[in-house]
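# Fold and contact review
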Amino acid sequence: MFPHHDTSSQQESSNLRGADENGQIGQLQQGIRVGRCIAEQNARSMAERGENLEGLLDKTGSLEESSSLFRNSASDAKRRMWRKNKKWTIILCAGVCTAAVVVIVVPVLLHR
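Values in this document were obtained by computation on a predicted structure and should not be read as measured data.

Moving on: the overall build of the protein chain. Looking only at helices and strands, the protein chain features 1 helix and 0 strands. Residue burial in the protein chain is summarised as follows: out of 112 residues, 0% are buried. Accessible surface, the protein chain: about 10,400 Å² in total, of which carbon and sulfur atoms supply 62%.

Right, here's the structure in full:
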């Protein structure tokens, strides 16, 4: 009947489908851009986290070394204090024994 009308109707339908498809493609492209941005942010975040982990590992290593040095110096100090304590215990015992000898033996010798 109206071949010209059918053609324009088909073109309009085709244009509408094309516009609808272009809109969907645009939405998909926008979604891809958003996804790419998120992936880049995640990659940067993971790289920063890796740097933080490396820093923590370095600090852990130095803490381990420091704790080992502290343990050794604490053990040395403990031994030195033990020796000093024993030395003073021996000196005190010798003083008490000397005082006992002086208090007991000297009067006995003087009364003879």
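Now, onward.
In this section: a nonpolar patch on the surface. Together, Val101, Val103, Ile104, Val105, Val108 and Leu109 make up an exposed nonpolar region whose accessible area comes to about 540 Å². Its location among the elements puts valine 103 in helix α1 (residues 3-110). Take valine 103: its relative accessible area is 58%, and that puts it in the exposed class.

Another aspect to go through is the pattern of salt bridges. Throughout the structure, instances matching the rule amount to 1 salt bridge. In this structure, arginine 79 and aspartate 76 form a salt bridge, with 2.9 Å as the shortest nitrogen-oxygen distance. One end of the pair is arginine 79 and the other is aspartate 76, both in helix α1 and 3 residues apart, which spans about a single turn. Taking relative accessible area as the criterion, aspartate 76 reaches 32% and is therefore assigned partly exposed.

Negative charge collects at one region of the surface, where Glu48, Glu51, Glu54 and Asp58 lie side by side. Within the secondary structure layout, glutamate 48 lies in helix α1.

Let us now look at the state of the cysteines. The full count for this structure, using the stated rule, is 0 disulfides. Among the cysteines around cysteine 97, which has no disulfide bond, cysteine 93 carries the closest sulfur, lying 6.4 Å off.

It is worth spelling out the confidence of the model for the protein chain at this point. A residue-level look at the protein chain finds 82% of positions with pLDDT of 70 or above and a mean pLDDT of 84. Throughout residues 1-5 the model reports pLDDT below 50, and contacts reaching past four residues in sequence, or to other chains, amount to 0 contacts.

Rules used in this analysis
Residues numbered from 1 in each chain as written. Predicted model: local features only at pLDDT ≥ 70, side-chain atom pairs only at ≥ 80, totals over all residues. Heavy atoms only, no water. Helix = DSSP H or I, 4+ residues; strand = E, 2+ residues; numbered from the N terminus. Buried < 20%, exposed > 50% of the residue type's maximum accessible area, 1.4 Å probe, protein only. Areas by Shrake-Rupley, 256 points an atom, 1.4 Å probe, with all protein chains shown as cover. Patch = residues over 30% accessible without salt bridge, like charges linked within 9 Å, V, L, I, M, F, W, Y side chains within 5 Å. Salt bridge = Lys/Arg side-chain N within 4 Å of Asp/Glu carboxyl O. Lys, Arg positive; Asp, Glu negative; His and termini not counted. Charge placed at Lys NZ, Arg CZ, Asp CG, Glu CD. Disulfide = S-S within 2.5 Å. pLDDT = per-residue confidence, 0-100. Contact = heavy atoms within 4.5 Å.

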